[in-house]
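What follows is each chain in one-letter form.
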Amino acid sequence: MGESKSEVKPFCISKQVVWDAWERVRANDGAAGVDGESIAEFEQDLKNNLFVLWNRMSSGSYMPPPVRAVQIPKKHGQGVRTLGVPTIADRIAQTVVRLYLEPGVEPVFHPDSYGYRPGRSALDAVGVCRKRCWKHDWLIDLDFQSFFDSVDHSLVLKSVAAHTDQRWILLYVERWLTAPLDHGDGALVARDRGTPQGSAISPLLANIYLHYSFDMWMTREFPRIPFERYVDDVVLHCKSERQARFVRSRVAERMADCSVAVNPRKTRIVYCKDEDRKGSYEHERFDFLGTHFVLDARGERMASCSSTFSRPSVTTP
């Protein structure tokens with residue numbers, strides 16, 4: 001798609017970025033949205049489809065369609081998780097915004113934020129966590145309750161606005177946040193909070209939200225408490241049980257102020273027991289990003305004993 005001086009639009013969006021976004025969406029594949037259109041079907045009239053999308057985004061008239069809701073069983077029979085599947089065109093539009101927004105926010109993100117960031121992975125987070133378990137006797141295995149269903153829209157927009165002066169980015173982020181869910185029964189479910197797992201923009205919005213609500217707050221309030229965060233999966237390392245209990249309480253208060261609840265049933269304090277750490281505790285092992293942490297085979301150090309590193313379920317099914 002070539003640029004034309006005659007195509008003057010309210011918002012300056014590069015056609016090359018739209019093409020780059022398409023390339024990424026095609027590489028990721030994924031299921032069809034509410035319109036039933038597949039990647040292959042979209043590609044049959046690719047040039048026209050991309051031009052229409054660019055034209056609508058550049059004019060400010062692009063309106064995201066409803067998001068198809070898909071129920072995915074959680075591990076160990078712990079209920080279901082709702083994933084949102086946008087249409088192919090909507091995935092491209094979200095990726096366009098991500099390509100514009102990400103370069104500005106990426107340099108300011110915390111070094112211990114690992115999820116869906118260039119050059120970082122779950123393997124990196126697990127490796128750092130393993131080393132810190134050797135140095136710290138205790139940790140908090142933190143669980144946010146229904147994080148992607150809970151985030152406050154106004155706080156998301158405020159966080160995004162801190163990193164862009166492009167009005168169209170905020171316009172479309174707001175529209176994506178409020179796009180209804182389609183459960184396939186003919187009824188649309190309006191949303192006044194949350195950002196659906198499965199969309200192209202949700203991981204970046206989650207990272208921006210948690211950068212301010214959690215990462216920077218931890219840096220200010222507990223600069224000596226290291227942590228690893230992979231989107232909403234978090235482990236914090238402490239020197240004592242008493243410190244862990246105090247930090248857990250403060251984190252719960254902070255996240256409640258940011259409209260996110262800490263799950264009291266799943267959030268656990270864990271004792272990283274080894275041959276030099278005596279005594280026992282209710283929890284002496286934990287799971288992080290698909291890896292099971294437990295005393296190693298020689299009984300010497302807390303080690304990651306699983307070689308399976310599962311991808312968190314915020315991807316499109």
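All values reported here derive from a predicted model rather than from experimental measurement. (Residues numbered from 1 in each chain as written. Predicted model: local features only at pLDDT ≥ 70, side-chain atom pairs only at ≥ 80, totals over all residues. Heavy atoms only, no water.)

## Digging into the sheet that holds strand 2 (residues 80-85)
Argument step 1. Here we have 4 strands laid out as an open sheet, ordered 2-1-4-5, and mixed in their pairing. Each of the sheet's edge strands pairs with one partner strand only, and the pair in question is strand 2 and strand 5 (188-189).
Argument step 2. Both strand 1 (residues 67-73) and strand 4 (residues 181-182) contribute to a ladder of 2 bridges, which runs parallel. Its bridge partner lying in strand 4, Val67 is registered against Leu181. (Pairing = 2+ DSSP bridges. Helix = DSSP H or I, 4+ residues; strand = E, 2+ residues; numbered from the N terminus.)

## Brief notes about unusual backbone geometry
Argument step 1. Phi is positive for Ser146, which is not a glycine, with a value near 50°.
Argument step 2. With respect to the helices and strands, Ser146 occurs in the loop between strand 3 (138-145) and helix 6 (147-150).
Argument step 3. Of note in the backbone geometry, Val231 takes a positive phi value of approximately 55° without being a glycine.
Argument step 4. Assignment of secondary structure puts Val231 in the loop between strand 6 (227-230) and strand 7 (233-238).
Argument step 5. Classification of Val231 by relative accessible area gives buried; the value is 2%. (Buried < 20%, exposed > 50% of the residue type's maximum accessible area, 1.4 Å probe, protein only.)

## Focus: the environment of Lys47
Argument step 1. Summarising the element assignment, Lys47 is placed in helix 3 (residues 46-59).
Argument step 2. Spatially, the C-alpha atoms of Lys47 and Trp19 are 9.5 Å apart, while their sequence positions differ by 28 residues.

## Considering the nonpolar core
Argument step 1. Ranked by size, the top nonpolar core spans 83 residues in total, and within it Met57, Ile92, Phe144, Phe214, Leu236 and Val251 carry the most contacts.
Argument step 2. Contacts of Ile92, omitting those with residues within four sequence positions, involve Val18, Ala21, Trp22, Val25, Phe42, Leu50 and Leu53. (Core = buried A, V, L, I, M, F, W, Y, C linked by side-chain atoms within 4.5 Å. Contact = heavy atoms within 4.5 Å.)

## Describing helix 3
Argument step 1. Between its first and last C-alpha atoms helix 3 spans 20 Å; for 14 residues at 1.5 Å apiece the expected length is 20 Å, and the two agree.
Argument step 2. Inspection of helix 3 places Leu46, Asn49, Leu50, Leu53, Trp54, Met57 and Ser58 among the buried residues, and these make up the whole buried set. Here the buried residues of helix 3 occupy an arc of 155° about the axis, which is enough to place them on one side.
Argument step 3. In the core, the buried residues of helix 3 are packed alongside helix 1 (15-28), helix 2 (39-44), helix 4 (88-105) and helix 8 (167-178).
Argument step 4. Looking at the residues trailing helix 3, positive phi occurs at Gly60, about 85°. (Expected span 1.5 Å × (residues − 1). Arc of directions from axis to C-beta.)

## Let's talk about the pairing of strand 6
Argument step 1. Going residue by residue along strand 6, you find Phe227 and Arg229 tucked away on one face and Glu228 and Tyr230 tucked away on the opposite face as well.
Argument step 2. As consecutive antiparallel partners, strand 6 and strand 7 are separated by 2 residues, and within that stretch Val231 has a phi angle of approximately 55°, a positive value.

## Details of the confidence of the model for the protein chain
Argument step 1. Within the protein chain, residue pLDDT values average 89, and 89% of them lie at 70 or more.
Argument step 2. This stretch, residues 307-317, has a pLDDT under 50; its non-local contacts, to residues over four places away or in other chains, come to 35 contacts. (pLDDT = per-residue confidence, 0-100.)

## Side note on the packing of helix 4 against helix 8
Argument step 1. Contact geometry for helix 4 and helix 8: axes closest at 11 Å, N-to-C directions at 135°. Relative to helix 8, the element helix 4 is oriented oblique. Here helix 4 and helix 8 pass one another in a crossing that is left-handed. Contacts from Asp90, Ala93, Gln94, Val96, Val97 and Tyr100 in helix 4 reach Trp168, Ile169, Val173 and Trp176 in helix 8.
Argument step 2. Residue composition of the contact of helix 4 with helix 8, by class: 8 nonpolar, 1 polar and 1 charged. (Axes fitted to C-alpha atoms, helices over the stretch in contact; angles between N-to-C directions. Parallel < 35°, antiparallel > 145°, perpendicular 65-115°, else oblique. Left-handed = near helix turned anticlockwise from the far one by under 90°. Nonpolar A, V, L, I, M, F, W, Y, C, P; charged D, E, K, R; others polar.)

## Topic: the packing of aromatic side chains
Argument step 1. Within the structure shown, the criterion is met by 17 aromatic pairs.
Argument step 2. Ring plane angle 90° and centroid distance 4.8 Å describe the contact between Trp138 and Tyr281, whose orientation is recorded as edge-to-face. Of this pair, Trp138 sits in strand 3 while Tyr281 sits in the loop between strand 9 (268-271) and strand 10 (286-288), placing them 143 residues apart in sequence.
Argument step 3. Aromatic ring contacts, followed pair by pair, group Phe144, Phe147, Phe148, Tyr209, Phe214 and Phe227 into a single cluster.
Argument step 4. Over the face of the ring belonging to Tyr114 we find Arg120, whose NZ or CZ atom lies 5.5 Å from the ring centre. (Phe/Tyr/Trp six-rings, centres within 6.5 Å; stacked < 30°, edge-to-face > 60°. Lys NZ or Arg CZ within 6 Å of the ring centre and 35° of its normal.)

## Focus: the state of the cysteines
Argument step 1. Inspection of every chain in the model, using the stated rule, returns 0 disulfides.
Argument step 2. The closest cysteine sulfur to the non-disulfide-bonded Cys133 is located on Cys272, 4.1 Å from its own sulfur.
Argument step 3. Using a relative accessible area of 0% as the deciding quantity, one classes Cys133 as buried. (Disulfide = S-S within 2.5 Å.)

## Looking at the side chain of Glu228
Argument step 1. Looking at the secondary structure, you find Glu228 in strand 6.
Argument step 2. Among the polar contacts listed, one links the side chain of Glu228 to the side chain of His237, at a separation of 2.9 Å.
Argument step 3. Apart from residues no more than four positions distant in its own chain, Glu228 is found in contact with Asp112, Tyr114, Ala125, Val128, Cys129, Arg132, Asp233, Val234, Val235, His237 and Phe288. (Polar contact = N/O pair within 3.5 Å; in protein donor to acceptor, adjacent residues only side chain to side chain.)

## A closer look at the packing of helix 1 against helix 4
Argument step 1. At a closest axis distance of 8 Å, the pairing of helix 1 and helix 4 adopts a crossing angle of 120°. As judged from the angle between their axes, helix 1 and helix 4 are oblique. Of the two elements, helix 1 crosses helix 4, and the hand of that crossing is right-handed. From helix 1, Val17, Val18, Asp20, Ala21, Trp22, Arg24 and Val25 reach across to helix 4, where they touch Ile88, Arg91, Ile92, Thr95, Val96, Leu99 and Tyr100.
Argument step 2. Of the residues contributing to the contact of helix 1 with helix 4, the split by class is 10 nonpolar, 1 polar and 3 charged.

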